[in-house]
Every structure is written in C-alpha cells, then in structure tokens.
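# Inside the fold
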Amino acid sequence: MGTPEARRGRPPTFDRAAALAAATRLFWENGYEGTSINDLTREMNIRPGSLYAAFGDKRSLFNEVVEAYGRSPAGEFIWAAMSREPTAFAAFHRILLDAAAMYTDPETPAGNLLCSAAAADTDVATYMRDLRNANVGTFETRLTTARHQGEIPATADPRKLAAYFTAVIHGMSQRARDGATAAELSDTAELAMAAWPAPSPAVPD
C-alpha cells in the first residue's frame, strides 16, 4: 500500500512565470480597475491565499507585472532602438515601426500595457503616468544629442519633438486597441517621421 501522500497525489507544481503571464494579459486587456482578484485567481489557476503568498496584494502583483513587461520585447523595444541605432532619425524610425508591429501582434493584447492599463486609482495612475513620462525624458536626451551633433537644426526644440513622438506612440497604442492594422500604423509611422526637422544646408565657402 502506498503512502498517504502517494494515494492523494502530489499537488501540482506552481508555475510562477505562467501565473505572472496570465496576470499580465488580464491587466493589459482589462486595465487595473477592470481586473478583479477573482479574475486573477481564475486565470492564474491559483487560490486567493496562494496569490497573496506568492505576489502580495493586487497592487504588488500589478507592479511586478509592469516590471516584467518592461523586460519583455513588447516593453523594451524603445530602449533597444535607442541603444542600437546609430542616429536619432534611425532610432525613432525603428521605434515607430516596431510599435506598429508590437501593438498589433496577435500573440498579445493590442496596444501598449502602460497605456492600456490606465487606472482611476490615484497612486496607480501616478505610477503609470510617471512611467509613460519617462519616455519623454529619454527622447529629449537623445534629441538634444542629435542637435549638438548637427543631425537636427540648432533651432529644433528637443523637448517639443520628444513630446510629439510620445504622443504619436500613445496614439498608435490606442488605434491598435480600436482595431487598427499593422499596415495602418506603419503608414502613421512614416507620416510621423515626415515631421523630422532637416538639418540646415551647409553654407558654401
């Protein structure tokens, strides 16, 4: 006769990564307020007590979801383009084209998690706003360097350009949520790049 544990069967191993992926999809699709503890435990296939033991409360789980998203291809493509492309123009062009593809990827919910999971809760809303606004600062830094290097005119305003490209990216996220295709968003990307300020022509000697 087997042991009591063998007769009962061993409990299934808790797959933390799979549970986190399920929570990510829920928050991405439904937003912070639109996702309940019951939704989370059902999709993560765990009991409420196990959720709290593994992740803390709903807010702690959400924070972990956002941090994990930032390390994923969908969350890091902006930073990847900034570090890999040799010019600011190439970096922003790559960012917009990648956004068109990422935001309409059938393997993930549409749009960008940081835009899609907007919350009415003040603390969560501030947290998300600060993460989104971080892009503006990153863009401004790259554009300021581009101005110093002569890639854009000295008269160009890096802050205004950074705000412009941020607005385009956020708009593309919402359009994807509304059903826009990758082709439509790629067209948007090309139109947005048409606003890139050309450097002043060299003055002949």
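What you see is a predicted model; the values in this text were computed from it and never measured. (Residues numbered from 1 in each chain as written. Predicted model: local features only at pLDDT ≥ 70, side-chain atom pairs only at ≥ 80, totals over all residues. Heavy atoms only, no water.)

### Topic: the overall build of the protein chain
Counting secondary structure elements, the protein chain contains eleven helices and zero strands. Order of helices (α) and strands (β) in the protein chain, N terminus to C terminus: α-α-α-α-α-α-α-α-α-α-α. Here the protein chain holds 205 residues, and 39% of them are scored as buried. About 11300 Å² of surface is accessible on the protein chain, with carbon and sulfur atoms providing 53% of the total. (Helix = DSSP H or I, 4+ residues; strand = E, 2+ residues; numbered from the N terminus. Buried < 20%, exposed > 50% of the residue type's maximum accessible area, 1.4 Å probe, protein only. Areas by Shrake-Rupley, 256 points an atom, 1.4 Å probe, with all protein chains shown as cover.)

### Concerning the packing of aromatic side chains
By convention here, two paired aromatic rings are described through the distance between centres and the angle between planes. In this structure the tally under the stated criterion is eleven aromatic pairs. Ring centres 5.0 Å apart and planes at 75° place the aromatic pair Phe27 and Phe62 in the edge-to-face group. Of this pair, Phe27 sits in helix H2 (residues 16-30) while Phe62 sits in helix H5 (residues 58-70), and the two are 35 residues apart along the sequence. A relative accessible area of 0% places Phe62 in the buried class. On the numbers, 5.0 Å between centres and 65° between planes, the contact of Tyr32 with Phe62 is edge-to-face. Pair noted here: Tyr32 is in the loop between H2 and helix H3 (37-44) and Phe62 is in helix H5, with a separation of 30 residues, a long-range link. Judged by relative accessible area, Tyr32 falls into the buried class, the value being 10%. One aromatic cluster in this structure is built from Phe89, Phe92, Phe139, Tyr164, Phe165 and Trp196. Between the NZ or CZ atom of Lys58 and the centre of the ring of Tyr32, over which it lies, the distance is 4.4 Å. (Phe/Tyr/Trp six-rings, centres within 6.5 Å; stacked < 30°, edge-to-face > 60°. Lys NZ or Arg CZ within 6 Å of the ring centre and 35° of its normal.)

### Observations regarding unusual backbone geometry
Look at Asn45: it is not a glycine, yet its phi comes out positive at around 60°. By the secondary structure assignment, Asn45 is in the loop between H3 and helix H4 (48-55). With relative accessibility at 70%, the residue Asn45 sits in the exposed group.

### Thoughts on the UniProt feature "DNA-binding region" (unreviewed entry) in the protein chain
Per the UniProt annotation, the sites labelled "DNA-binding region" (unreviewed entry) are residues 36-55. The distance from the first to the last C-alpha atom of residues 36-55 is 15 Å, and the span holds 80% helix and 0% strand. (UniProt positions renumbered as here; feature names shortened; annotations may be inferred.)

### Side note on helix H7 (residues 88-102)
With 15 residues, H7 ought to run about 21 Å at 1.5 Å a step, and its terminal C-alpha atoms sit 20 Å apart, in line with that. Those residues of H7 that are buried are in contact with helix H6 (73-84), helix H9 (122-148), helix H10 (158-177) and helix H11 (182-193). (Expected span 1.5 Å × (residues − 1). Contact = heavy atoms within 4.5 Å.)

### Here's the deal with the layout of surface pockets
Roughly 280 Å³ of volume is contained in the largest pocket. If you trace the largest pocket, you find 20 residues lining it, with Tyr69, Gly70, Gly75, Trp79 and Leu114 closest to the centre. Sorting the residues of the lining of the largest pocket by element identifies H5, H6, helix H8 (113-116), H9 and H10 as the ones contributing at least two each. Residue contributions to the lining of the largest pocket reach at least three from each of two domains, namely domain 1 (16-69) and domain 2 (72-195). In this model, the second largest pocket occupies a volume close to 170 Å³. (1 Å grid on protein atoms, 1.4 Å probe; cavity = no way out; pocket = protein on both sides within 12 Å on 5 of 7 lines; lining within 4 Å. Points joined across faces, edges and corners; volume = space filled by probe spheres on them. Domains from an automatic or database assignment.)

### Examining the packing of H7 against H11
Two elements in contact, H7 and H11, have axes separated by 8 Å at closest approach and are oriented at 160°. Taken together, H7 and H11 sit at an angle that is classed as roughly antiparallel. In this structure, the crossing between H7 and H11 has a hand that is right-handed. Where H7 abuts H11, its residues Phe89, Phe92, His93, Leu96, Leu97 and Ala100 lie against Ala182, Leu185, Ser186, Ala189, Glu190, Ala192 and Met193. Among the residues forming the contact of H7 with H11, the class breakdown is ten nonpolar, two polar and one charged. (Axes fitted to C-alpha atoms, helices over the stretch in contact; angles between N-to-C directions. Parallel < 35°, antiparallel > 145°, perpendicular 65-115°, else oblique. Left-handed = near helix turned anticlockwise from the far one by under 90°. Nonpolar A, V, L, I, M, F, W, Y, C, P; charged D, E, K, R; others polar.)

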